[in-house]
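# Geometric and topological summary
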Amino acid sequence: MKKIYKTKRLVMKLPELSDAKAILDYFLRNREFLAKFEPVRDKDFYTLRSFEDMINLDKILYDNCQALKYWIYKNDKVIGSVGLNNIIWGVFLNGYIGYRLDKDEINKGYMTEALQKLIEIAFDDLRLHRLEANIMPRNKASLSVVKKAGFEFEGIAKEYLKINGIWEDHVHMVLLNKKLL
């Protein structure tokens, strides 16, 4: 697995501490937009130290083959992230997809492009069997992204995550690695 991947229009990069300021800038630009899709954030979240800590934790998880998060760059500017979380090995070979995109870059195909590359990494490099995505039913754009990538509906997860202070149901979507069947 590489630390940097390029797609047709994007660069996907595992972060270094030197990327903390650019990632913080992304979150500051998108603070209101992301609030409806993410947990409640305290004021300490929006500090350079918080993002340096996040990058250090992401590196530990990556080094232990538990997760990987690529930050998406367009013209040297962070416009989002895409990653695999809670990677489970052994007989499961499963990972959970997570992603976010800059409010000014939605509906341009960037997330579809980045997710396709992440799926390639997960299935070809990591040889995972199954990817899961859990999305709030009201997040139509996100549901569209995973459907375009071939994910299939598997059910509804009741009160799955606490988003913006409210326990939200999520649509459970799954993609199987057909190359391993």
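Because the structure is predicted, anything quoted here is derived from the model rather than measured.

What counts and what doesn't
- The numbering scheme is per chain: residues are counted from 1 as the chain's sequence reads.
- Reporting in this predicted model follows two pLDDT cut-offs: at least 70 for local features of residues, and 80 or more for side-chain atom pairs to be given and counted; totals over whole chains, interfaces and linings ignore these cut-offs and use all residues.
- Water and hydrogen atoms were dropped before computing side-chain values, which therefore reflect all heavy atoms in the structure.
- We count a stretch as a helix when DSSP gives it H or I for four or more residues in a row; a strand needs E for two or more, and each element gets its number in order from the N terminus.
- Here the globule rule is a power law, 2.2 Å times the number of residues to the power 0.38, and the radius of gyration is based on C-alpha atoms.
- Relative accessibility decides the category of a residue: with a 1.4 Å probe and only protein chains considered, values under 20% of the type maximum give buried, values over 50% give exposed, and everything between is partly exposed.
- In this analysis, two residues are considered to be in contact whenever any of their non-hydrogen atoms come within 4.5 Å of each other.
- Each accessible area value is a Shrake-Rupley result obtained with a 1.4 Å probe; residue values ignore everything except the protein chains displayed when judging cover.
- The charge count treats Lys and Arg as positive and Asp and Glu as negative. His and the chain ends do not count.
- By convention, the charge on Lys lies at NZ, on Arg at CZ, on Asp at CG and on Glu at CD.
- To qualify as a nonpolar core, a set must consist of buried Ala, Val, Leu, Ile, Met, Phe, Trp, Tyr and Cys residues joined through side-chain atoms within 4.5 Å.
- Two N or O atoms form a polar contact when they lie within 3.5 Å of each other; inside protein one atom must be a possible hydrogen donor and the other a possible acceptor, and for residues adjacent in sequence the pair counts only when both atoms belong to side chains.
- A pair of strands is labelled paired if DSSP reports no fewer than 2 bridges between them.
- Here a Phe, Tyr or Trp ring, Trp counted by its six-membered ring, pairs with any other such ring whose centre lies within 6.5 Å, and the pair is stacked when the planes are under 30 degrees apart, edge-to-face when over 60, and tilted otherwise.
- Under this scheme, a helix contributes an axis fitted over its contacting stretch, all axes are lines through C-alpha atoms, and angles between N-to-C directions fall in the 0 to 180 degree range.
- Every angle not falling under 35 degrees, over 145, or within 65 to 115 is termed oblique; those three ranges are roughly parallel, roughly antiparallel and roughly perpendicular.
- Rotating anticlockwise by less than a right angle from the far helix to the near helix defines a left-handed crossing, while the corresponding clockwise rotation defines a right-handed one.

Looking only at helices and strands, one finds five helices and eight strands in the protein. Reading the protein from its N terminus to its C terminus gives the helix and strand order β-β-α-α-α-β-β-β-α-β-α-β-β. On C-alpha atoms alone, the protein measures out to a radius of gyration of 16 Å, which is about the 16 Å that the 2.2 N^0.38 rule sets for 181 residues. C-alpha atoms of the protein, sized along the principal axes, occupy 45 × 35 × 30 Å. Counting over 181 residues, the protein shows a buried share of 48%. In the protein, 63% of the contacts between residues at least 6 apart in sequence involve partners at least 24 apart. For the protein, the computed accessible surface area is about 9900 Å², with 54% contributed by carbon and sulfur atoms. Between the centroid of the 31 positive side chains of the protein and the centroid of its 25 negative side chains there is a distance of 4 Å.

What follows covers the nonpolar core. Buried together is how nonpolar side chains tend to be arranged in soluble globular proteins. Core analysis: the largest hydrophobic core is formed by 36 residues, its most contacted members being Leu68, Tyr70, Leu84, Leu115, Leu131 and Phe151. Every element with two or more residues in this core is listed here: β3 (68–74), β4 (77–88), β5 (94–101), α4 (110–125), β6 (130–135), α5 (140–148) and β8 (166–176). Considering every element that reaches this core, the biggest residue donor is α4, with nine residues. Once residues within four sequence positions are removed from consideration, Leu115 is found in contact with Val82, Ile97, Val145, Val146, Ala149 and Phe151. Counting residues in hydrophobic clusters, the runner-up holds 15 residues, among them Ala20, Phe45, Tyr73 and Val78.

Tracing the backbone through its elements, the reader meets Asn134 in strand β6. Side chain to side chain, Asn134 and Tyr160 meet in a polar contact 3.1 Å long. Within the local environment of Asn134, its side chain forms a polar contact with the side chain of His172, the two groups lying 2.7 Å apart.

This part covers the pairing of β3. Taken residue by residue, a regular strand's side chains alternate between the two faces of the sheet. Of all seven residues in β3, seven are buried; the element is thus mostly enclosed. By the alternation rule, side chains of β3 split into Leu68, Tyr70, Ile72 and Lys74 and Lys69, Trp71 and Tyr73, which are all buried. Here β3 hands over to β4 after two residues, with Asn75 in that stretch at a positive phi of 55°.

This paragraph deals with the packing of aromatic side chains. Inspection of the entire model under this criterion finds nine aromatic pairs. With a centroid separation of 5.7 Å and an interplanar angle of 65°, the aromatic rings of Phe33 and Phe37 are classed as edge-to-face. Phe33 gets classed as buried once you look at its relative accessible area, which sits at 18%. Relative accessible area serves as the criterion here: at 24%, Phe37 is assigned to the partly exposed category. Connected via pairs of aromatic rings, a cluster forms that spans Tyr26, Phe27, Phe45, Tyr46, Phe51 and Trp71.

Pairing within the open sheet is mixed, and its eight strands lie in the order β1-β2-β3-β4-β5-β6-β8-β7. The sheet is open, and its two edges are formed by β1 (4–6) and β7 (152–163), each paired on a single side. Taking the axes of each pair of neighbouring strands and ignoring which way they run, one obtains an average angle of 25° across the sheet. Set on the sheet, α4 makes contact with β1, β2 (11–13), β3, β4, β5, β6 and β8; between it and β4 the angle comes to about 35°.

So, about the packing of helix α1 (residues 20–29) against helix α3 (residues 48–63). The geometry of α1 relative to α3 is characterised by a closest axis approach of 9 Å and an angle of 115° between their N-to-C directions. As the angle between them shows, α1 and α3 are arranged roughly perpendicular. Classified by chirality, the crossing of α3 by α1 is right-handed. Of the residues in α3, those in contact with Ala20, Lys21, Ile23, Leu24 and Phe27 of α1 are Leu48, Phe51, Glu52, Met54 and Ile55.

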